[in-house]
Amino acid sequence: MGKTIFADDEATPRSSIRVMVVDDHAVVRGGLTTFLLAYDDLELVGEAANGLEALTVAERCQPDVVLMDLMMPEMDGATATRLLREKHPNIQVIALTSFKEDDLVQGVLSAGAIGYLLKNVSADELVSAIRSARAGRPTLAPEATRALIHSATHTRQQPLGYDLTERERDVLALMVTGMNNSEIADKLVVSRSTIKYHVSNILSKLQATTRTEAVAYALQQNLVTYPKGPAL
């Protein structure tokens, strides 16, 4: 049987795959821990309840593979994945979520995740994905593959900005008022890093190089309406 090994345990076999679990639900983390214990080559080295905490824990325990939830408080999984991969490119991330929306798939894969699986995945499929991630091979749920194909076949047929998410449109509307990232974060009650991630996505989807260019295009194409009264 495998066992739970945390950061400073010198007995950790280097041939084992060091796995970290990030999910805001304790029951899910507990279930994944039980699952990992059933495999001799998998070892749990850390847990985190949100993306912000995941960055700190990963720094300490240096996992090989992170199982990352997407919808979490403090910092979402896509933002955490991007920041984690920027600082630790050798750590592989598998998005493990209940959601299969196109923008979530594209967002976390663009952030650097090597896999995207739904939480109804079988134990054999999950362990295979973890082993593949350690070896640098991607694993995608069929729903994620369909999302990527859909994006590739429809992007050229739609005007820029058609694929903005509702939250990205909220952020863009506040950008139009002249708010900076900190002000938008306060307005929407989220972290600054989350807003930075949304702004980056907005610029990419609008093929804009600056905030001013993005705002000008948004107004020209009526993606948002410039407020007539005081700033939001």
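Computed from a predicted model, the values in this text were never measured in an experiment. (Residues numbered from 1 in each chain as written. Predicted model: local features only at pLDDT ≥ 70, side-chain atom pairs only at ≥ 80, totals over all residues. Heavy atoms only, no water.)

A. How the structure looks around the overall build of the chain. Helices and strands together make up the secondary structure of the chain, namely ten helices and six strands. Across the 232 residues that make up the chain, the buried fraction comes to 47%. When the accessible surface of the chain is totalled, it reaches about 11800 Å², and 52% of it is carbon and sulfur. (Helix = DSSP H or I, 4+ residues; strand = E, 2+ residues; numbered from the N terminus. Buried < 20%, exposed > 50% of the residue type's maximum accessible area, 1.4 Å probe, protein only. Areas by Shrake-Rupley, 256 points an atom, 1.4 Å probe, with all protein chains shown as cover.)

B. Layout of the nonpolar core. With 26 residues, the main nonpolar core has Met20, Val22, Val66, Met68, Val108 and Tyr116 as its most contacted residues. Among the elements of the structure, strand E1 (17–22), strand E2 (42–48), helix H2 (51–61), strand E3 (65–68), helix H3 (77–87), strand E4 (92–97), helix H4 (102–110) and strand E5 (115–118) are those that each provide at least two residues to this core. The leading source of residues in this core is H2, at four residues. In this structure Val22 touches Ala48, Asn50, Ala54, Val66, Leu67, Met68, Asp69 and Met72, once residues within four positions along its chain are discounted. (Core = buried A, V, L, I, M, F, W, Y, C linked by side-chain atoms within 4.5 Å. Contact = heavy atoms within 4.5 Å.)

C. Summary view of the pairing of E4. Buried residues dominate E4, accounting for six of its six residues. Taking every second residue as pointing to the same face, both faces of E4 are buried, with Gln92, Ile94 and Leu96 on one and Val93, Ala95 and Thr97 on the other. Taken together, the four bridges between E3 and E4 define a ladder with parallel strand orientation. Each residue of the ladder has a partner; that of Leu67, found in E4, is Ile94. Since E3 and E4 lie parallel, the crossover through H3 that links them has a hand, and here it is right-handed. Two elements, E4 and E5, share four bridges in a ladder whose sense is parallel. Considered in E5, the bridge of Ala95 is made with Tyr116. (Pairing = 2+ DSSP bridges. Right-handed = clockwise from strand over helix to strand, strands pointing away.)

D. Main features of helix H9 (residues 192–205). A rise of 1.5 Å per residue sets the reference length of H9, with its 14 residues, at 20 Å; its end C-alpha atoms lie 20 Å apart and thus fit the reference within 8%. With ten of 14 residues buried, H9 is to be regarded as a mostly interior element. Of the positions making up H9, those classed as buried are Ser193, Thr194, Ile195, Tyr197, His198, Val199, Asn201, Ile202, Leu203 and Lys205. If you follow the buried residues of H9, they end up packed against H3, H4, helix H7 (166–176), helix H8 (181–188) and helix H10 (211–220). Two residues or fewer past H9, Gln207 is found with a positive phi of approximately 55°. (Expected span 1.5 Å × (residues − 1).)

E. Broad picture of the confidence of the model for the chain. Summarising the model, the chain shows a mean pLDDT of 85, and 85% of its residues fall at 70 or more. The low-confidence segment residues 1–13, where pLDDT is below 50, has 27 contacts with residues more than four positions distant or belonging to other chains. With pLDDT under 50 throughout, residues 228–232 is counted as low confidence; its partners more than four residues away or in other chains account for five contacts. (pLDDT = per-residue confidence, 0-100.)

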